[in-house]
Amino acid sequence: MSWTRLRRALGIDTRQSEYTYQKDLRFGHITSARVADKWIKTTCGYCSVGCGMLVGVKDGKAVSVRGNPDHPVNLGKLCPKGLSEHHILDAPGRAKHPLLRKDGKLVPVSWDEALDTMVEKFSAIQRRYGNDALGVIGTGQLLTEEVYALGKLVQLGFRTRNSDGNTTLCMASAVSGYKLSFGSDGPPGSYKDMETADVILLIGANIADNHPILCQRLERNRVRNLNSTVIVVDPRVTKTAMMADLHLPIKPRSDIALINGIAHILIRDGLIDRDYIARSTTGFEAFAEFVSSFTPEHVAAVTGLTTEQILRTAHLYGKAKAAFIGWTMGVNHSTQGAVTVTAINNLALITGNIGRAGAAPFSITGQCNAMGTREAGFTSSLPGYRKFDNPQDRDDLARLWNIDVNRIPTARGMAYPDIIEGAVTDRIKALWFVATNPAVSFPNYSVLEQALRSVDFLVVQDGFHPTPTSDFAHLVLPAAIWGEKEGTYTNSERRISKANILVTPPGEARPDFDIFLDLAERLGAKDELYPGWQSTHDAFKEWQRVSSGRMCDYSSFTWQQIEEEGGMQWGGESLYTDGVFPTHDGKAILHTVPCLPFFEQPNAEYSLILNTGRTVEHWHTRTKTAEVEMLHHMVPNAWLEMNPVDANRLDLKPHDRVNVVSRRSSVKNLELRITGIVAPGQVFMPFHFSETNSNRVTLGSFDPISREPNFKQCAVLVEKFVKTLH
Amino acid sequence: MPLPLHERAQDGSSDAIVRVTLADLGQSFESTHAASSLLIPDRPLAEGEQYRFHFNMTKCIGCRSCEIACNEQNGNPADILWRRIGEIEGGVYPNTQRHYLSMGCNHCLDADCVKGCPVEAYTKDPVTGIVLHSADACIGCQYCVWNCPYSVPQFNAARGVVGKCDMCHGRLTDGLEPACVNACPEAAIEIEIVDKIAWRVDYAAAESPGMPAAGHTISTTRITLPPNSTTKLERVDVGRINPEHAHPSLVYMTTLIQAATGSLIFALLCKATQPVFLTLLLFVTTIALNISVFHLGRPAYAWRALKMWRRSWLSREVLFFGLFFGTLTAFTAGSWLMALPQSLTTAIGVPWLHQFQTLPHTALALNLLGWVAAFFGVAGTIASAFIYLVPARPSWNMVHTPIDFVLSGALIGSTLPLTLGWIAQQLSHLSIFRSMQLSIDIHRFPTWPTAIAATFCILNQAVRIVRLNYSKLFEERATAGLLNTQNIRPAVFASFALTAAAGLLAFCGGFGFATFAAFASVLLVRYLFFVSVVPLNMALTFTGGGPHK
């Protein structure tokens, strides 16, 4: 040992063996450490773009990731998170053993003890306080097969209705908006539309940071059609705004006014599709009447844009042969998120920009399998886009599952924020979080913390430990993650893709699916809930039967086909190609959407509007990406963006350490970035970092329809950070 | 290298993971595609041509996939990035512009890393023009790190050698895209062919905001900038300037060897080159040279540093200081021989030595040998100064550097001999030296040179700081800024105070204290010299990343 050290100190040994290159059979010349024995096809487990990848495995270890050149989503390209995804599998922060809190300390226990305790505690609490005293928060990180299994376990096994997903923090507004306009969830378009549309209108969507692999669609569109126009609506000059032909820097939360204003101009200037309106929509007269007050002058005053910008946008959209609207969290993360989505849908409907190539109002989703939770989940609706309040749907399911129809609830239980509030107000006495980290991701942290401390029993099931949430847990269940289990993810464009096993989980960690089956067994409900199930493939086969004949019909795809084809889209490339919608009369509904100011307006004391968002190097709450050294090294800490005008006023300099203070709490010791990326009067910070958690200051205010939090606007003040001695 | 690459590129029907990317990011590779739509050259290189990177800033979305792909390709630690992303920004909201740079090595026509390398670890590949680095040949002196205006070569401390982007030479040879080219989801990076002579005449397309001027080394990377931009794009990382590595071994090495050279000259001038004194001087030199060897990432191969003496100032420094050591050793040995008493030469059986001692020209020859040693010392000091005169490190690349090196030699060299002489005097009273003529009169040494040297040292440093402060170059002003930071400013004041103290103490006869003050002041000045340099570099990102160590 010391001999090696001496040889290294003298430079005789330069670790040359670690820095040799070899020829990988399929990838070619590369450092020897990345040469694989075999390459396994799979789908990325980060975001909803759903990139196809090939993972190189050697001696039971994932050594390399490459984009799958044959996959129709990404044609071989990946973002930095995807390219380094193999590093999360053997990261030091993985949860490896079940841990139970005994005498205040989390200590390793056997799976038997862990799951018996969990069932015992949950049952005792439910006996005492009622079945609905258990709240369960699932996730868009699970496989569709697992989501489906979890729904049955929670609603039929544990018999609580109070179950929701972390997807409520993300795309619930899009779901609600689609349901309001079209009668059903389901993004009507495809990524391909971004290549063929003449106008691409992105509203509150910073795809360059959050869905970077979609940007190549815009690039290909430019090559194909020199006259295509990309319009980005965003109060911040994002990376995506930089790519736009036209950037509309609107005032925060004035997008409804802009959209209504565009509708007004389209109607005024005859740029609408009257046939389509008559054939496929209802409510046009009331809608036209309503938007008539959104004159360009009025809209200019509300949005801060010029009337020329508004007119140009309306005319570009109205005259396009095919126009595409994409949106993400700028729209969804709001108390008016659901209705903003319907306003967007209105634009598509009155111009007939739906149901054909290049034309769609398209919600770009967040997590790798957020779509799977929408389709197969048993939270805000019944599996297969079925409705709680539809007796036919309930009967259908009861028959398919061979259970008494009265077992199926007639209304959804509490949504995520209501479950948290329920924990604070003692209506929820036990909580179970599956693969999510609310201690960083949930708004207004102090209430969340109170909820976590209030419940009698808190179970955190995650691939990583410790996380800021698992620190509060009474029981930690170590779960397998992406790359350690087999099943399907569905991406934003309804493409079902296959995720495969690359390696075995570390320590005693088990796939979430196995944990669900084991719990069902211990509840004595396995035969009923999961008859004859051994693997996720059995769950898939049942889900195929359950989804058969529904809009999200999986029955015609086998796992093998899905893998070979690089994923398959249910509903084809476009939904609603016949102009018929799943409403009672087959027509889409035009809603009138007022534009209201956001809830917490700045005042003299809290004079700045805080906007939160992401950066390309990190994923959500960094339980994964902080473990990838390269990504961590690239962006090791959060920052606060502030316009030079405000910095000057507050006498702040670049790299100053500052606190962001709201009426609720404060984020301390942030690095200040003075930049023209944000408007005067606004500040921005990424939410990924638990050390400087933006959700200490964000607002606990939720959309009345979708229950999605208003992450994007709250009033804050910024002050210099002063080191204090404790 | 077998070319053209295009023919070797793998087609869409093979199961290779990496296929050549089409410039329009299209679906699949078809032979009917125009060759120009690929991201690697489609024809062999002709005479006078080489490969280069083309970076299209208008396509880059700053996703950083290239950085990850590069590290995965080369198996580098997370903090060593052979490809780096930079941000540049300008304009007023909402007309703000932000763009990105993605840069590997620029494979310059006049690469300074190649010229400076003392061991020929760098070669400019005669076929492809790629600047290749051999970890095998490298001794880890890191002189290339100082020389490159883009801070491209990075020292891997765990290995003891430097590394850098080689344009994925091994992949290109196989007709495969470099890792960064292949990873870019926007086809913003490509490899193309450049006519070297034409490029030497007009390399304007290599210039970009956020990049050091291309002219010095003639970077070959072509950068497509946003068209018709009137917005002034500026670096966003300028507020994040941290002190550089202090290189303590170099601080000590340069100080000691300059002290030894200065002392030797002073002693020669004062005709006080007594053997014990010289032995002590030789001891100081030995320490200095040993430190310099262990400054290397690979001390075992220090001897290789002599190789490129025709080209590299580092080789020349090693050569001259090596000769200085040799001649000083000979001079010291000669002085001892001259001092041996007849009784001893007879006793040890070499009576002819005494005759040698009394030959008419021996003393003269020995004196000459002393001056030869002094010459090598001065030559080494000058070579040493030239190492730091590199355009990539603006605050070093000033006339003040060689002046400082010479004055440091004078400052310590004019006071150290008194102290060493005093020690020699004490030692010569030892019984074993009794029989020898070893008396040394330290009063022969005048004290005014120290005062003068101190005055000039202070003047040199003061003028340097003023010039840095008012410089047109950002990096020089940044150096002045660093010297003025809360942590460093006291050290600057202390260095001036110590220099003044050295002069005053010497004048007042406190030569021991004067020597101490002189050493302390030179060490401190040299420490500040190293930590306060702000190298030329490409623009990096606002938060973290890149080798800002």
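Everything quoted here is computed from the prediction, not taken from an experiment.

1. Overview of the overall build of chain B
Phase 1: Across its full length, chain B carries 19 helices and ten strands.
Phase 2: For chain B, the spread of C-alpha atoms along the three principal axes comes to 95 × 55 × 40 Å.
Phase 3: Taking all 549 residues of chain B together, 53% fall into the buried category.
Phase 4: A fraction of 73% describes how many contacts in chain B between residues 6 or more apart in sequence connect residues 24 or more apart.

2. A closer look at the overall build of chain A
Phase 1: In terms of regular secondary structure, chain A is built from 27 helices and 28 strands.
Phase 2: Against the compact-globule benchmark of 27 Å for 726 residues, chain A has a radius of gyration of 25 Å, which places it among compact chains.
Phase 3: For chain A, the spread of C-alpha atoms along the three principal axes comes to 80 × 70 × 55 Å.
Phase 4: Looking at the 726 residues of chain A, the share that counts as buried comes to 63%.

3. Considering the environment of Thr196 of chain A
Residue and element names in this part refer to chain A.
Phase 1: You can see Thr196 is positioned in helix H6 (residues 193-196).
Phase 2: A residue is classified by how many C-beta atoms lie within 10 Å of it, and Thr196, with 21 of them, is buried.
Phase 3: Between the C-alpha atom of Thr196 and that of Asn221, which follows or precedes it by 25 residues, the distance is 6.2 Å.
Phase 4: In contact with Thr196, other than residues within four places in its own chain, are Ala322, Ala357 and Gly358.

4. Some words on the sheet that holds strand E23 (residues 608-613) of chain A
All names here are of chain A.
Phase 1: With mixed pairing, the six strands of this closed barrel are ordered in space as E23-E27-E24-E26-E25-E28. Adjacent strand axes in the sheet meet at a mean angle of 45°, parallel and antiparallel pairs treated alike.
Phase 2: Bridging between strand E25 (residues 657-661) and strand E26 (residues 666-674) involves four bridges; their strand directions are antiparallel. If you follow Arg657 over to E26, its bridge partner there is Glu671.

5. Here's the deal with the pairing of strand E24 (residues 639-642) of chain A
All names here are of chain A.
Phase 1: In E24, alternate side chains face the same way, and those of Trp639 and Glu641 on one face and Leu640 and Met642 on the other are all buried.
Phase 2: Note: E24 against E26, four bridges, orientation parallel. Residue pairing across strands places Trp639 opposite Glu671, the latter belonging to E26.
Phase 3: The sheet contact formed by E24 and strand E27 (residues 682-686) spans two bridges and is antiparallel. Bridge pairing links Met642 to Val683 in E27.

6. Overview of the domain arrangement of chain B
All names here are of chain B.
Phase 1: Domain boundaries assigned for chain B yield domain 1 (5-235) and domain 2 (248-531).
Phase 2: The centre of domain 1, based on its C-alpha atoms, is set 44 Å off from the matching centre of domain 2.
Phase 3: Of the residues lining the interface, 19 residues belong to domain 1; the matching set on domain 2 comes to 19 residues.
Phase 4: When contributions to the side of domain 1 that touches domain 2 are tallied by element, the ones reaching two or more residues are helix H3 (112-116) and helix H4 (143-147).

7. Side note on the interface of chain B and chain A
Phase 1: Counting residues at the interface gives 57 residues for chain B and 63 residues for chain A.
Phase 2: Counting residues per element, the ones that place at least two in the side of chain B that touches chain A are helix H2 (65-74) and helix H5 (169-172) of chain B.
Phase 3: For the side of chain B that touches chain A, the element with the highest residue contribution is H2 of chain B, accounting for eight residues.
Phase 4: Of the residues assigned to the side of chain B that touches chain A, the class counts are 24 nonpolar, 17 polar and 16 charged.

8. Description of the domain arrangement of chain A
Phase 1: In terms of domains, chain A is made up of domain 1 (1-35), domain 2 (99-170 + 369-548), domain 3 (172-363) and domain 4 (608-720).
Phase 2: On a C-alpha basis, the centroid separation for the pair domain 1 of chain A and domain 4 of chain A is 41 Å.

9. Looking at the pairing of strand E16 (residues 430-434) of chain A
Residues and elements named next belong to chain A.
Phase 1: Most of E16 sits inside the fold, with five of its five residues counted as buried.
Phase 2: Note: strand E8 (residues 134-138) against E16, four bridges, orientation parallel. Paired with Leu134 across the two strands is Ala430, which belongs to E16.

10. Here we look at unusual backbone geometry
Phase 1: Between His465 of chain A and Pro466 of chain A the backbone carries a cis peptide bond, its omega angle lying at 0°.
Phase 2: Within the fold, Pro466 of chain A resides in the loop between strand E17 (457-462) and strand E18 (475-478).
Phase 3: Each neighbour pair has its own omega, and for Tyr93 of chain B with Pro94 of chain B the value is 0°, a cis peptide bond.
Phase 4: Among the secondary structure elements, Pro94 of chain B is positioned in the loop between strand E2 (84-90) and strand E3 (97-103).
Phase 5: With phi around 50°, Asn444 of chain A is a residue other than glycine that occupies positive phi space.
Phase 6: On the basis of neighbour count, Asn444 of chain A is assigned to the buried category, with 21 C-beta atoms found within 10 Å.
Phase 7: Although it is not a glycine, Asp651 of chain A sits at a positive phi angle of roughly 60°.
Phase 8: Among the secondary structure elements, Asp651 of chain A is positioned in the loop between helix H27 (644-649) and E25.
Phase 9: For Asp651 of chain A, a count of 8 C-beta atoms within 10 Å translates into the label exposed.

11. Quick notes on the packing of helix H16 (residues 448-469) of chain B against helix H18 (residues 489-507) of chain B
Packed helices, taken two at a time, are described by their axes: the angle between them and the distance between them.
Residue and element names in this part refer to chain B.
Phase 1: Viewed as axis vectors pointing N to C, H16 and H18 meet at an angle of 165°, and their least axial separation amounts to 8 Å. With respect to each other, H16 and H18 are oriented roughly antiparallel. Crossing hand, H16 versus H18: left-handed. Listed contacts from H18 to Thr450, Ala451, Ala454, Thr455, Cys457, Ile458 and Gln461 of H16 are Phe496, Thr499, Ala500, Ala502, Gly503, Ala506 and Phe507.
Phase 2: Within the contact of H16 with H18, the residues separate by chemical class into nine nonpolar, five polar and no charged.

12. Thoughts on the confidence of the model for chain B
Phase 1: For chain B, the average pLDDT comes to 90, and 93% of its residues sit at 70 or higher.
Phase 2: Here residues 545-549 of chain B is modelled with pLDDT under 50, and outside its nearest four sequence neighbours on either side it reaches 13 contacts, counting other chains as well.

13. Thoughts on helix H9 (residues 275-295) of chain B
Residue and element names in this part refer to chain B.
Phase 1: The end-to-end C-alpha distance of H9 is 30 Å, a good match for the 30 Å that 21 residues give at a rise of 1.5 Å each.
Phase 2: Here H9 has its buried residues at Pro275, Val276, Phe277, Leu278, Leu280, Leu281, Leu282, Thr285, Ala288 and Ser292.
Phase 3: Buried-residue contacts for H9 involve helix H8 (248-269), helix H10 (313-339) and helix H15 (416-428).

14. A word on the sheet that holds E17 of chain A
Residues and elements named next belong to chain A.
Phase 1: The seven strands lie next to each other as E7-E6-E18-E17-E16-E8-E9, forming an open sheet whose pairing is mixed. In the strand order of this sheet, the two ends are held by strand E7 (105-108) and strand E9 (163-165), each with one partner. Within this sheet the neighbouring strands show an average axis-to-axis angle of 20°, counted without direction.
Phase 2: Bridging between strand E6 (residues 99-102) and E18 involves two bridges; their strand directions are antiparallel. Bridge pairing in E18 links Leu99 to Val476.
Phase 3: Across the face of the sheet, helix H4 (residues 144-157) comes into contact with E8, E9 and E16 while running at roughly 175° to E8.

15. Notes on the environment of Ala500 of chain B
Residue and element names in this part refer to chain B.
Phase 1: Positionally, Ala500 belongs in helix H18.
Phase 2: Note on Ala500: 17 C-beta atoms within 10 Å, which makes it partly exposed.
Phase 3: When the C-alpha atoms of Ala500 and Ala517 are compared, they prove to be 8.6 Å apart, with 17 residues separating the residues in sequence.
Phase 4: Not counting residues up to four positions away in its chain, the partners in contact with Ala500 are Ala454 and Ile458.

16. Topic: H4 of chain A
Residue and element names in this part refer to chain A.
Phase 1: For H4, which comprises 14 residues, the first-to-last C-alpha distance of 19 Å matches the rise-based estimate of 20 Å (1.5 Å per residue) to within 8%.
Phase 2: Most of H4 is tucked away, with 13 of its 14 residues classed as buried.
Phase 3: Of the residues one or two after H4, Arg159 is the one with positive phi, at around 55°.

17. Remarks on the packing of helix H14 (residues 400-413) of chain B against H16 of chain B
All names here are of chain B.
Phase 1: Axis separation between H14 and H16 bottoms out at 9 Å; the angle between their running directions is 155°. Comparing their axes, H16 and H14 come out roughly antiparallel. Crossing of H14 over H16 shows left-handed handedness. Residues His400, Ile403, Asp404, Leu407, Ala410 and Leu411 of H14 lie in contact with H16, whose contacting residues are Pro449, Thr450, Ala453, Ala454, Phe456, Cys457, Asn460, Val463 and Arg464.
Phase 2: Residue composition of the contact of H14 with H16, grouped by class: ten nonpolar, three polar and two charged.

18. A look at the environment of Thr698 of chain A
Residues and elements named next belong to chain A.
Phase 1: You can see Thr698 is positioned in the loop between E27 and strand E28 (714-720).
Phase 2: For Thr698, a count of 28 C-beta atoms within 10 Å corresponds to the buried category.
Phase 3: Expressed as a C-alpha distance, the spacing of Thr698 and Ser665, which sit 33 residues apart in the sequence, is 8.7 Å.
Phase 4: With residues up to four places along the chain from it excluded, the contact list for Thr698 reads Pro443, Asn444, Thr612, Phe711 and Cys714.

Rules behind the numbers
Residues numbered from 1 in each chain as written. Chains lettered and ligands numbered in written order. Predicted model: local features only at pLDDT ≥ 70, side-chain atom pairs only at ≥ 80, totals over all residues. Helix = DSSP H or I, 4+ residues; strand = E, 2+ residues; numbered from the N terminus. Buried ≥ 20, exposed ≤ 12 C-beta atoms within 10 Å, placed from the backbone. Contact = placed C-beta atoms within 7 Å. Rg over C-alpha atoms; globule rule 2.2 N^0.38 Å. Pairing = 2+ DSSP bridges. Axes fitted to C-alpha atoms, helices over the stretch in contact; angles between N-to-C directions. Domains from an automatic or database assignment. Nonpolar A, V, L, I, M, F, W, Y, C, P; charged D, E, K, R; others polar. Parallel < 35°, antiparallel > 145°, perpendicular 65-115°, else oblique. Left-handed = near helix turned anticlockwise from the far one by under 90°. pLDDT = per-residue confidence, 0-100. Expected span 1.5 Å × (residues − 1).

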